[in-house]
Amino acid sequence: STSRTMNQSVPALVAPAGSPGALQAAVEHGADAVYLGLRHLSARAHATNFALVQLGPAVELAHHHGCEVLVTLNTLVRGDELALAERLLRACQDAGVDAVVLQDIGLISLARRVAPALRLHGSTQLSVHNADGAATAASLGLSRVVLARELSLPEIRAVSDAVPELEFEVFA
(Lines give C-alpha, C1' and ligand atoms only; values in the text may rest on other atoms or scores of the structure.)
Protein backbone atom coordinates (compact mmCIF):
# COMPACT_ATOMS: atom_id res chain seq x y z
CA SER A 1 0.00 0.00 0.00
CA THR A 2 1.01 3.60 -0.21
CA SER A 3 0.84 6.31 2.38
CA ARG A 4 1.20 10.05 2.21
CA THR A 5 0.28 13.28 3.83
CA MET A 6 -0.37 16.42 1.87
CA ASN A 7 3.20 17.53 2.71
CA GLN A 8 4.84 14.60 0.95
CA SER A 9 5.51 14.85 -2.75
CA VAL A 10 6.12 11.14 -3.30
CA PRO A 11 4.01 8.37 -1.76
CA ALA A 12 5.80 6.09 0.68
CA LEU A 13 5.98 2.40 -0.06
CA VAL A 14 4.51 0.26 2.71
CA ALA A 15 5.21 -3.42 2.02
CA PRO A 16 3.82 -6.56 3.67
CA ALA A 17 6.30 -8.62 5.68
CA GLY A 18 4.54 -11.85 6.48
CA SER A 19 7.71 -13.66 7.53
CA PRO A 20 11.29 -12.84 8.53
CA GLY A 21 12.43 -13.55 4.96
CA ALA A 22 9.83 -11.20 3.51
CA LEU A 23 10.91 -8.55 6.02
CA GLN A 24 14.52 -8.91 4.94
CA ALA A 25 13.58 -8.59 1.27
CA ALA A 26 11.36 -5.55 1.85
CA VAL A 27 13.92 -3.58 3.83
CA GLU A 28 16.77 -4.46 1.47
CA HIS A 29 14.76 -3.36 -1.56
CA GLY A 30 13.71 0.06 -0.37
CA ALA A 31 10.44 -0.21 1.52
CA ASP A 32 9.80 2.90 3.59
CA ALA A 33 7.71 0.87 6.03
CA VAL A 34 6.59 -2.71 6.51
CA TYR A 35 3.53 -4.09 8.16
CA LEU A 36 3.68 -7.39 9.92
CA GLY A 37 1.45 -9.51 12.06
CA LEU A 38 2.14 -11.30 15.28
CA ARG A 39 0.87 -14.81 15.79
CA HIS A 40 -2.18 -13.52 17.69
CA LEU A 41 -4.81 -10.85 17.00
CA SER A 42 -3.70 -10.24 13.41
CA ALA A 43 -5.96 -10.47 10.37
CA ARG A 44 -2.89 -11.61 8.44
CA ALA A 45 -3.81 -15.20 9.31
CA HIS A 46 -2.36 -16.75 6.15
CA ALA A 47 1.09 -15.24 6.67
CA THR A 48 3.78 -16.99 8.69
CA ASN A 49 3.74 -14.00 11.06
CA PHE A 50 6.15 -13.25 13.87
CA ALA A 51 6.56 -14.76 17.31
CA LEU A 52 6.78 -12.15 20.04
CA VAL A 53 10.48 -12.98 20.58
CA GLN A 54 11.15 -12.08 16.92
CA LEU A 55 9.62 -8.61 17.21
CA GLY A 56 12.59 -6.77 18.74
CA PRO A 57 15.10 -8.13 16.19
CA ALA A 58 12.65 -7.38 13.35
CA VAL A 59 12.32 -3.77 14.48
CA GLU A 60 16.12 -3.45 14.82
CA LEU A 61 16.65 -4.81 11.30
CA ALA A 62 14.05 -2.52 9.77
CA HIS A 63 15.27 0.56 11.61
CA HIS A 64 18.84 -0.21 10.57
CA HIS A 65 17.61 0.15 6.97
CA GLY A 66 15.62 3.31 7.72
CA CYS A 67 12.34 1.42 7.51
CA GLU A 68 9.37 1.79 9.86
CA VAL A 69 7.57 -1.19 11.39
CA LEU A 70 3.78 -1.26 11.60
CA VAL A 71 2.28 -4.15 13.55
CA THR A 72 -1.21 -5.29 12.63
CA LEU A 73 -3.32 -6.00 15.71
CA ASN A 74 -6.37 -5.65 13.52
CA THR A 75 -8.89 -8.21 14.66
CA LEU A 76 -11.88 -7.74 16.91
CA VAL A 77 -10.75 -8.60 20.44
CA ARG A 78 -12.95 -10.75 22.69
CA GLY A 79 -13.11 -10.15 26.43
CA ASP A 80 -11.03 -13.26 27.11
CA GLU A 81 -8.28 -11.85 24.82
CA LEU A 82 -7.84 -8.49 26.56
CA ALA A 83 -4.93 -9.60 28.76
CA LEU A 84 -3.15 -10.93 25.65
CA ALA A 85 -3.90 -7.71 23.77
CA GLU A 86 -2.45 -5.66 26.63
CA ARG A 87 0.71 -7.80 26.64
CA LEU A 88 1.12 -7.44 22.86
CA LEU A 89 0.59 -3.66 22.97
CA ARG A 90 3.19 -3.27 25.72
CA ALA A 91 5.61 -5.49 23.78
CA CYS A 92 5.14 -3.37 20.66
CA GLN A 93 5.90 -0.22 22.60
CA ASP A 94 8.93 -1.80 24.31
CA ALA A 95 10.29 -3.08 20.98
CA GLY A 96 10.12 0.38 19.42
CA VAL A 97 7.41 -0.43 16.88
CA ASP A 98 6.57 2.71 14.91
CA ALA A 99 2.80 2.16 15.00
CA VAL A 100 0.14 -0.48 15.48
CA VAL A 101 -2.72 -0.88 13.03
CA LEU A 102 -6.03 -1.44 14.83
CA GLN A 103 -9.63 -2.24 13.94
CA ASP A 104 -11.23 -2.64 17.37
CA ILE A 105 -12.29 0.66 18.96
CA GLY A 106 -11.99 -0.91 22.42
CA LEU A 107 -8.42 -1.88 21.59
CA ILE A 108 -7.71 1.74 20.61
CA SER A 109 -8.81 2.77 24.10
CA LEU A 110 -6.74 0.02 25.74
CA ALA A 111 -3.67 1.01 23.72
CA ARG A 112 -3.99 4.62 24.87
CA ARG A 113 -3.93 3.43 28.51
CA VAL A 114 -1.24 0.73 28.46
CA ALA A 115 1.09 1.87 25.66
CA PRO A 116 0.70 5.65 25.44
CA ALA A 117 3.88 6.13 23.39
CA LEU A 118 2.60 3.98 20.52
CA ARG A 119 1.29 5.68 17.40
CA LEU A 120 -2.05 4.21 16.41
CA HIS A 121 -3.30 3.71 12.86
CA GLY A 122 -6.81 2.73 11.84
CA SER A 123 -7.08 -0.42 9.77
CA THR A 124 -8.94 -0.61 6.48
CA GLN A 125 -11.41 -2.78 8.46
CA LEU A 126 -12.61 0.45 10.15
CA SER A 127 -14.14 1.27 6.74
CA VAL A 128 -13.28 4.97 6.88
CA HIS A 129 -14.73 6.24 3.62
CA ASN A 130 -15.68 9.87 4.22
CA ALA A 131 -14.62 13.01 6.07
CA ASP A 132 -16.85 12.28 9.08
CA GLY A 133 -15.25 8.87 9.55
CA ALA A 134 -11.78 10.37 9.20
CA ALA A 135 -12.58 13.12 11.72
CA THR A 136 -13.86 10.51 14.16
CA ALA A 137 -10.66 8.50 13.72
CA ALA A 138 -8.61 11.62 14.47
CA SER A 139 -10.73 12.32 17.57
CA LEU A 140 -9.94 8.79 18.82
CA GLY A 141 -6.24 9.64 18.67
CA LEU A 142 -5.35 7.83 15.47
CA SER A 143 -2.53 9.43 13.51
CA ARG A 144 -3.30 7.60 10.24
CA VAL A 145 -6.11 5.62 8.69
CA VAL A 146 -6.05 3.14 5.86
CA LEU A 147 -8.99 4.29 3.76
CA ALA A 148 -11.65 1.91 2.48
CA ARG A 149 -10.52 0.22 -0.70
CA GLU A 150 -13.62 1.22 -2.65
CA LEU A 151 -12.77 4.94 -2.77
CA SER A 152 -11.91 6.67 -6.02
CA LEU A 153 -9.02 9.14 -6.30
CA PRO A 154 -11.36 12.17 -6.13
CA GLU A 155 -13.01 10.72 -3.01
CA ILE A 156 -9.61 10.10 -1.40
CA ARG A 157 -8.61 13.69 -2.17
CA ALA A 158 -11.85 15.04 -0.65
CA VAL A 159 -11.36 13.11 2.60
CA SER A 160 -7.70 14.10 2.77
CA ASP A 161 -8.49 17.77 2.17
CA ALA A 162 -11.25 17.75 4.80
CA VAL A 163 -9.10 16.26 7.60
CA PRO A 164 -5.57 17.58 7.09
CA GLU A 165 -4.37 16.61 10.57
CA LEU A 166 -4.65 12.92 9.70
CA GLU A 167 -2.34 10.83 7.51
CA PHE A 168 -3.97 8.56 4.95
CA GLU A 169 -2.91 5.26 3.49
CA VAL A 170 -4.45 3.53 0.51
CA PHE A 171 -3.99 0.15 -1.10
CA ALA A 172 -2.60 0.37 -4.61
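My aim in this report is to walk through the structure given alongside it, one point at a time. Going along each chain's sequence as written, the residues are numbered from 1 onward. Given that this is a predicted model, residues contribute local features only at a pLDDT of at least 70 and side-chain atom pairs are listed and counted only at 80 or more, while totals for whole chains, interfaces and linings are drawn from all residues. Hydrogens and water are ignored here; the side-chain numbers use all heavy atoms of the structure.

**Side note on the state of the cysteines**
As a reminder of what qualifies: Throughout, a disulfide means two cysteine sulfur atoms within 2.5 Å of one another. Under the scheme applied here, a residue whose accessible area is under 20% of the maximum for its type counts as buried, over 50% as exposed, and between as partly exposed, the area being computed with a 1.4 Å probe on protein chains only.
Across all of its chains, the model carries zero disulfides by this definition. For Cys67, which is in no disulfide, the shortest distance to another cysteine sulfur is to Cys92 and amounts to 15 Å. Looking at Cys67, the relative accessible area reads 1%, which means it is buried. The class of Cys92 is buried, set by a relative accessible area of 0%.

**Focus: the packing of aromatic side chains**
For clarity, the threshold we go by: The pairing test for Phe, Tyr and Trp rings, Trp by its six-membered ring, is centres within 6.5 Å, and the orientation test on the planes gives stacked under 30 degrees, edge-to-face over 60, and tilted for anything in between. Two conditions define a charge located above a ring, namely a distance within 6 Å from the ring centre to NZ of Lys or CZ of Arg, and an angle within 35 degrees of the ring normal.
Taken as a whole, this structure holds zero aromatic pairs when the rule is applied. Above the ring of Phe171, the side-chain terminus of Arg149 is found at 3.9 Å from the ring centroid.

**Here we look at the packing of helix α3 (residues 82-95) against helix α4 (residues 105-114)**
Two numbers describe a pair of packed helices, the interaxial angle and the distance between the axes. Rules: Orientation is described by axes fitted as lines to C-alpha atoms, over the contacting stretch for helices, and by angles from 0 to 180 degrees between their N-to-C directions. Secondary structure counts use DSSP, requiring at least four H or I residues in a row for a helix and at least two E residues in a row for a strand, with both numbered from the N terminus. Roughly parallel here means an angle under 35 degrees, roughly antiparallel means over 145, roughly perpendicular means 65 to 115, and every remaining angle is called oblique. By the definition used in this description, the sense in which the near helix is turned from the far one sets the handedness, with an anticlockwise turn below a right angle giving left-handed and a clockwise turn giving right-handed. Throughout, a residue-residue contact means that at least one pair of heavy atoms, one from each residue, lies within 4.5 Å. Only Asp, Glu, Lys and Arg are considered charged in this grouping, and only Ala, Val, Leu, Ile, Met, Phe, Trp, Tyr, Cys and Pro are considered nonpolar; every other residue, Gly among them, is considered polar.
Two elements in contact, α3 and α4, have axes whose closest approach is 10 Å; the angle formed by their N-to-C orientations is 50 degrees. In terms of orientation, α3 and α4 fall into the oblique class. Considering the relative orientation of α3 and α4, their crossing is right-handed. On α4, the residues touching Leu82, Ala85, Glu86, Leu89, Arg90 and Gln93 of α3 are Leu107, Leu110, Ala111 and Val114. For the contact of α3 with α4, a count of residues per class yields seven nonpolar, one polar and two charged.

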